[in-house]
Amino acid sequence: MPVGTQGTVKAVAQDVLESLGAEIILGNTYHLYLRPGHQSIRRIGGLHKFMSWPRALLTDSGGFQVFSLNALRKVTDDGVRFRSHLDGSSHSFTPEHSVDVQIALGADILMAFDECTEYPADRTRAQESLRLTMAWARRSLDHFRAHCHEVPWFDPKGCCMQCFGIVQGGMYRDLRRACAERLIEMDFDGYAIGGLSVGEPRELTLEMIAEVLPLLPKNKPRYVMGVGYPDEIEQYARMGVDMMDCVLPTRAARHALLFTSEGRLNIKNKQYAEDQNPPDPACDCPVCRRYSRAYLRHLMQASEALSGTLNTIHNLAYYLGIMQRVRTSLESKFAVSPSDR
Ligand SMILES: [Zn+2]
């Protein structure tokens, strides 16, 4: 899932995302709550309509940004108080409030409010954090079930939103297992593994995913949050992960880093100044079909707005292409004849 933090996947228009084959994108609750405000988006008819995105949308709970952007937050059993990184104004998110905001935004999938345990965290700290996450998961789900019909549009079929729970537990396998078991009892529509890619070594990320993934129901989506590099997302997808999101392809693109079939390419490097090859000779994205490394380097050097756009389009095409190949290989591996369906 490309990340569309503020109702936009930075630098790329919605029609381009569609043409690249993006089926679902992510919106950040924290940012949209602060600006333009969830009530404003509700009155407009929801985030789909506001940003003219007819395909699927997932919103996070806002928790991750509250914890990562706010040094002055105050966490209690009830929720978390924080100051806006925009103007310093005081706000609070509780599980109920986070769910209300997400219902107002009207995404297809919303996430339970959780505390993303920092790394490193000792066992006592991870346990305490997990206690909050599990209590907040229960409250998020109860509130979601009571209010999910309050979508910002008239829907004769009733609520079609889904709520996913998030497995936390730091880097402790037993805590992770305990959390997964409790969340499964609550019967969420899907399950995420959160609190990864927070600075831990990659072997540990893999170890946590390998521990939790087999416990999660196979008939529901399994989502690993905030990963990863191209080889990681392929590895996790082959392990059975259904969904992932990461700012890496878009953020790296704006900072000159292109992911290609030949490895990482820093388009700012002088060696590309007169290189007339496409960014990735094996890629058939609109950027690689049309432009050279020399041109992309020039745009970057000149700080032209088109630079971020073209780099991002290629990186997203590369990421989406990886997932497309994984899907195709899984489809042939598990091919079923029409009569078996
Ligand atoms: Zn390309």
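Look above for the structure.
Residues numbered from 1 in each chain as written. Predicted model: local features only at pLDDT ≥ 70, side-chain atom pairs only at ≥ 80, totals over all residues. Heavy atoms only, no water.

Here's the deal with helix 10 (residues 230–239)
When we look at burial in helix 10, the residues that qualify are P230, E232, I233, Y236 and A237. One side of helix 10 holds all its buried residues, which, seen down the axis, span an arc of 160 degrees. Buried residues along helix 10 sit against helix 9 (202–212), strand 11 (243–244), strand 12 (257–260) and helix 14 (305–333). The first or second residue beyond helix 10 is G240, which carries a positive phi of 120 degrees. (Buried < 20%, exposed > 50% of the residue type's maximum accessible area, 1.4 Å probe, protein only. Helix = DSSP H or I, 4+ residues; strand = E, 2+ residues; numbered from the N terminus. Arc of directions from axis to C-beta. Contact = heavy atoms within 4.5 Å.)

Some details on the coordination of the zinc ion
Looking at the metal site, the zinc ion is ligated by C283 (SG), C285 (SG), C288 (SG) and H314 (ND1), spaced 2.1 to 2.3 Å from it. In this structure, the zinc ion is surrounded by four donor atoms whose angles at the metal cover 99 to 121 degrees, and the resulting shape is tetrahedral. (Donors = N, O, S within 2.8 Å, 3.2 Å for Na, K, Ca; no water. Tetrahedral: all angles 85-135°; square planar, octahedral: opposite > 155°, others 65-115°.)

Quick look at the packing of helix 9 against helix 10
Between helix 9 and helix 10, the shortest axis-to-axis distance is 11 Å and the interhelical angle comes to 20 degrees. Comparing their axes, helix 10 and helix 9 come out roughly parallel. In this structure, the crossing between helix 9 and helix 10 has a hand that is right-handed. Contacts from R202, T205, L206, I209 and A210 of helix 9 reach helix 10 at D231, E232, Q235, Y236 and M239. A class-by-class count of the residues in the contact of helix 9 with helix 10 yields five nonpolar, two polar and three charged. (Axes fitted to C-alpha atoms, helices over the stretch in contact; angles between N-to-C directions. Parallel < 35°, antiparallel > 145°, perpendicular 65-115°, else oblique. Left-handed = near helix turned anticlockwise from the far one by under 90°. Nonpolar A, V, L, I, M, F, W, Y, C, P; charged D, E, K, R; others polar.)

What about the side chain of K220?
Following the sequence through the fold, K220 ends up in the loop between helix 9 and strand 10 (222–224). A distance of 2.5 Å separates the side chain of K220 from the side chain of D187, its partner in a polar contact. Within the structure, K220 has its side chain in polar contact with the backbone oxygen of F188 (distance 2.7 Å). Discounting residues that sit within four places of it in the chain, K220 has contacts with D187, F188, D189, G190, Y191 and D242. (Polar contact = N/O pair within 3.5 Å; in protein donor to acceptor, adjacent residues only side chain to side chain.)

Thoughts on the packing of helix 10 against helix 14
Angle between the axes and distance between the axes are the two parameters that describe a pair of packed helices. For the pair helix 10 and helix 14, interaxial distance at closest approach is 10 Å and the crossing angle is 25 degrees. Between helix 10 and helix 14, the interaxial angle falls into the category roughly parallel. Here helix 10 and helix 14 pass one another in a crossing that is right-handed. Residues P230, I233, E234, A237 and R238 of helix 10 pack against Y318, Y319, I322, M323, V326 and S329 of helix 14.

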